[in-house]
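Descriptive analysis of the structure
The chain contents come next:
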Amino acid sequence: MRKFESVDGQMLIGGVRATEIVKKYGTPVYVTDEDAVRSNYRAVFNAFDKRMPARINYACKANTNLAILRILEQEGSCIDAVSIGEVEACLRAGFTPDRIMYTGVNVSTAELKAVAARRVPINIDSFSELERLAMIDPSLPISFRVNPEVGAGHHEKVVTGARSTKFGIPKDRIVEAYAEAVQLGFRPSGLHCHIGAGVQVADPFVKATEVLVSIMQSIEKELGLRLDFVDIGGGIGIPYHPEDHAMDLDALAEGVTSLIKNGTSAKRIVVEPGRYIIADSTVLLTTVVDVKETPDKNFAGVDAGMNTLVRPAFYGSFHHVAVANKFDRPAEATYDVVGPICESGDHLAKERALPRVEEGDVICVYDAGAYGFSMASNYNMRPFPREVLVHKGTVNLIRERETIEDLMRNQRIPSRLML
Ligand code: LLP
């Protein structure tokens with residue numbers, strides 16, 4: 001969890017008062033601190049690169065705002081993209097195709113053709129995908145995603161490396177996949193796995209890397225094929241709760257790179273963090289619009305809900321909250337922070353000790369940069385909120401608020417219904 005400064009009891013984000021941002025841009029609003037994005041990127045890149053040549057493929061599913069992609073492009077990051085939409089966004093943001101890797105699951109032939117036409121390397125998830133891609137373009141750089149049978153993550157919905165999940169080529173058929181690829185005319189260049197998201201400790205990454213290393217050895221022994229890179233996927237957790245510990249990046253990097261250096265002839269390690277780079281760079285600011293005291297609970301009703309940030313409702317995820325305009329005040333009461341969506345599950349935070357909350361206060365939801373805006377919805381016909389970028393005291397709008405008109409633009413009423 002990031003620490004924020006304050007002046008006169010007012011929370012500061014990148015040197016700007018949260019209340020000033022709210023006055024100008026309204027709420028709900030996602031606020032990203034550019035310096036935090038850059039320093040997170042550098043921390044993760046350096047931890048790995050000082051041990052062996054590293055490439056960071058930012059998992060842009062976490063946040064695809066074009067301005068944020070530009071920042072990471074400037075930093076030298078590469079990209080993990082999972083859809084043609086993400087590929088197009090990254091190309092628009094200035095990434096060249098060779099800096100993007102496409103890792104889809106259940107990929108349609110139309111999407112494969114579109115990605116191949118942009119010369120973006122493809123990380124293949126199944127035999128079917130391999131065979132369909134061979135008919136499209138066997139000259140494309142490829143790698144394979146294996147199911148390592150090592151899974152981890154903050155919630156069962158985000159564990160991807162376990163044997164029973166839909167992801168990757170089964171471990172005991174992966175050498176066969178490389179053999180078939182060579183036969184089809186490909187020159188595979190890497191091996192990938194992704195164990196899951198929000199992993200707080202290094203151990204599962206080390207276990208998965210052991211699996212990757214042993215597969216690399218079999219590929220080399222049985223097929224005489226030397227792969228350039230090992231990709232350990234993403235999933236590095238962050239401390240959402242004040243009592244959580246941050247991942248020891250050095251221990252993680254040391255654990256996995258030493259296995260790769262000792263056990264393979266790979267030239268490069270690839271890591272695909274999304275959350276680690278972007279989560280704590282961004283907060284969600286939301287205004288208290290209604291305070292309700294009931295026999296059981298106090299509710300701080302705000303103008304952001306599960307449509308704006310779904311993680312608490314969907315995974316039961318914890319996001320720290322503070323009252324941005326009463327930042328130094330002690331806690332006086334316990335609140336559930338709840339939104340305007342008509343479901344009981346619509347909450348941002350539960351049972352939080354906060355200063356006494358009144359209508360007009362601004363609640364700051366921490367660590368909202370990853371899977372915040374990118375998982376937002378229009379549920380209850382609510383437009384997407386604004387996003388702004390703060391950089392050393394200046395604030396730029398990086399996404400305009402959607403309008404209600406936008407929500408109706410693509411709908412059509414058949415003329416017979418207009419009579
Ligand atoms: N690489 C692959 C192939 C992935 O599927 C993912 C995430 C990542 C990298 C990045 O994971 P990260 O470093 O951001 O944890 N919506 C969930 C997270 C789902 C992640 C899906 N895949 C959440 O809000 O926690």
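Let me sum up the structure you'll find in this document. (Residues numbered from 1 in each chain as written. Predicted model: local features only at pLDDT ≥ 70, side-chain atom pairs only at ≥ 80, totals over all residues. Heavy atoms only, no water.)

**Structural notes on the layout of surface pockets**
One number sums up the size of the largest pocket: a volume of about 660 Å³. As for the largest pocket, its lining consists of 34 residues, of which Lys61, Thr160, His194, Ala197 and Tyr371 are closest to the centre. Mapped by element, the contributors of at least two residues to the lining of the largest pocket are helix H10 (275-278) and helix H11 (311-315). A breakdown of the residues in the lining of the largest pocket according to their chemical character gives 13 nonpolar, 12 polar and nine charged. Each of domain 1 (6-32 + 280-408) and domain 2 (34-278) gives at least three residues to the lining of the largest pocket. (1 Å grid on protein atoms, 1.4 Å probe; cavity = no way out; pocket = protein on both sides within 12 Å on 5 of 7 lines; lining within 4 Å. Points joined across faces, edges and corners; volume = space filled by probe spheres on them. Helix = DSSP H or I, 4+ residues; strand = E, 2+ residues; numbered from the N terminus. Nonpolar A, V, L, I, M, F, W, Y, C, P; charged D, E, K, R; others polar. Domains from an automatic or database assignment.)

**Some details on the pairing of strand S6 (residues 78-81)**
Because side chains alternate across S6, one face comprises the buried residues Cys78 and Asp80, and the other comprises Ile79 and Ala81, equally buried. You can see the chain leave strand S5 (residues 54-59), run along helix H3 (residues 66-75) and come back into S6, and the turn it takes is right-handed. Relative to strand S7 (residues 100-102), S6 runs parallel, the two being bridged by three bridges. The residue bridging isoleucine 79 from the neighbouring strand is isoleucine 100, located in S7. Where the polypeptide runs from S6 across helix H4 (residues 84-92) and back to S7, its parallel neighbour, the crossover connection is right-handed. (Buried < 20%, exposed > 50% of the residue type's maximum accessible area, 1.4 Å probe, protein only. Right-handed = clockwise from strand over helix to strand, strands pointing away. Pairing = 2+ DSSP bridges.)

**Section: the pattern of salt bridges**
Tallied over the entire structure, the rule returns 26 salt bridges. Here arginine 409 makes a salt bridge to aspartate 406, at a shortest N to O gap of 2.6 Å. On the criterion of helical spacing, the pair formed by arginine 409 and aspartate 406 is a turn pair, its members being three residues apart in helix H12 (residues 404-409). For arginine 409, a relative accessible area of 48% corresponds to the partly exposed category. Here aspartate 406 falls in the partly exposed class, since its relative accessible area comes to 25%. Salt bridges sharing common partners tie together Glu34, Arg38, Arg42 and Glu75. (Salt bridge = Lys/Arg side-chain N within 4 Å of Asp/Glu carboxyl O.)

**Observations concerning the packing of helix H8 (residues 203-223) against helix H9 (residues 249-263)**
Running from N to C, H8 and H9 cross one another at 10 degrees; their axes reach a closest spacing of 10 Å. Comparing the axis directions of H8 and H9 gives the class roughly parallel. For the element pair H8 and H9, the recorded crossing hand is right-handed. Contacts between H8 and H9 involve Phe205, Val206, Thr209, Glu210, Val213 and Gln217 from the former and Leu252, Gly255, Val256, Leu259, Ile260 and Gly263 from the latter. Along the lines of polarity and charge, the residues of the contact of H8 with H9 split into seven nonpolar, four polar and one charged. (Axes fitted to C-alpha atoms, helices over the stretch in contact; angles between N-to-C directions. Parallel < 35°, antiparallel > 145°, perpendicular 65-115°, else oblique. Left-handed = near helix turned anticlockwise from the far one by under 90°. Contact = heavy atoms within 4.5 Å.)

**Notes on the site of the ligand**
Around the ligand, 20 residues are found, and the nearest of them are His154, Glu272, Arg311, Tyr315 and Tyr371. Residue histidine 154 places a side-chain N or O atom 2.7 Å away from an oxygen atom belonging to the ligand. Note that an oxygen atom of the ligand is positioned 2.6 Å from one of the side-chain N or O atoms of arginine 311. Protein chains shield 92% of the accessible area of the ligand, which is 580 Å² for the free molecule. For the ligand, the cavity whose grid points lie within 2 Å of the majority of its atoms is the largest pocket. Counting only domains with at least three residues in the shell around the ligand, you end up with domain 1 (6-32 + 280-408) and domain 2 (34-278). (Near = heavy atom within 4 Å. Polar contact = N/O pair within 3.5 Å; in protein donor to acceptor, adjacent residues only side chain to side chain. Areas by Shrake-Rupley, 256 points an atom, 1.4 Å probe, with all protein chains shown as cover. Sits in = over half its atoms within 2 Å of the grid points.)

**Overview of the sheet that holds strand S3 (residues 16-17)**
Read from one edge of the open sheet, three strands run S1-S2-S3, paired in antiparallel fashion. Unpaired on one side and paired on the other, strand S1 (6-7) and S3 mark the two borders of the sheet. Taken together, the two bridges between S1 and strand S2 (residues 10-13) define a ladder with antiparallel strand orientation. Among the inter-strand pairings, valine 7 is bridged to a residue of S2, identified as glutamine 10.

**A few points about empty space enclosed by the protein**
Inspection of every chain in the model, using the stated rule, returns one cavity of 30 Å³ or more. Lining the largest cavity we find Met216, Glu220, Leu225, Arg226, Leu227, Thr264 and Ser265.

**Notes on unusual backbone geometry**
Negative phi characterises most residues that are not glycine, and trans characterises most peptide bonds. A cis geometry characterises the amide bond from threonine 27 onward to proline 28, with omega recorded as -10 degrees. Residue tyrosine 371 is not a glycine yet carries a positive backbone phi of 60 degrees. Assignment of secondary structure puts tyrosine 371 in the loop between strand S19 (362-365) and strand S20 (386-391). The phi dihedral of lysine 392 falls on the positive side, at around 45 degrees, and the residue is not glycine. Structurally, lysine 392 is set in the loop between S20 and strand S21 (394-399).

**A word on helix H7 (residues 174-183)**
Structural remark: α-helix, 3.6 residues per turn; residues separated by three or four positions point the same way. Residues of H7 that are buried include every one of Ile174, Val175, Ala177, Tyr178, Glu180 and Ala181, and no others. Buried residues belonging to H7 abut helix H6 (127-136), strand S9 (142-147), strand S10 (169-170), strand S11 (190-192) and H8. Just beyond H7, the residue with positive phi is glycine 185, at close to 100 degrees.

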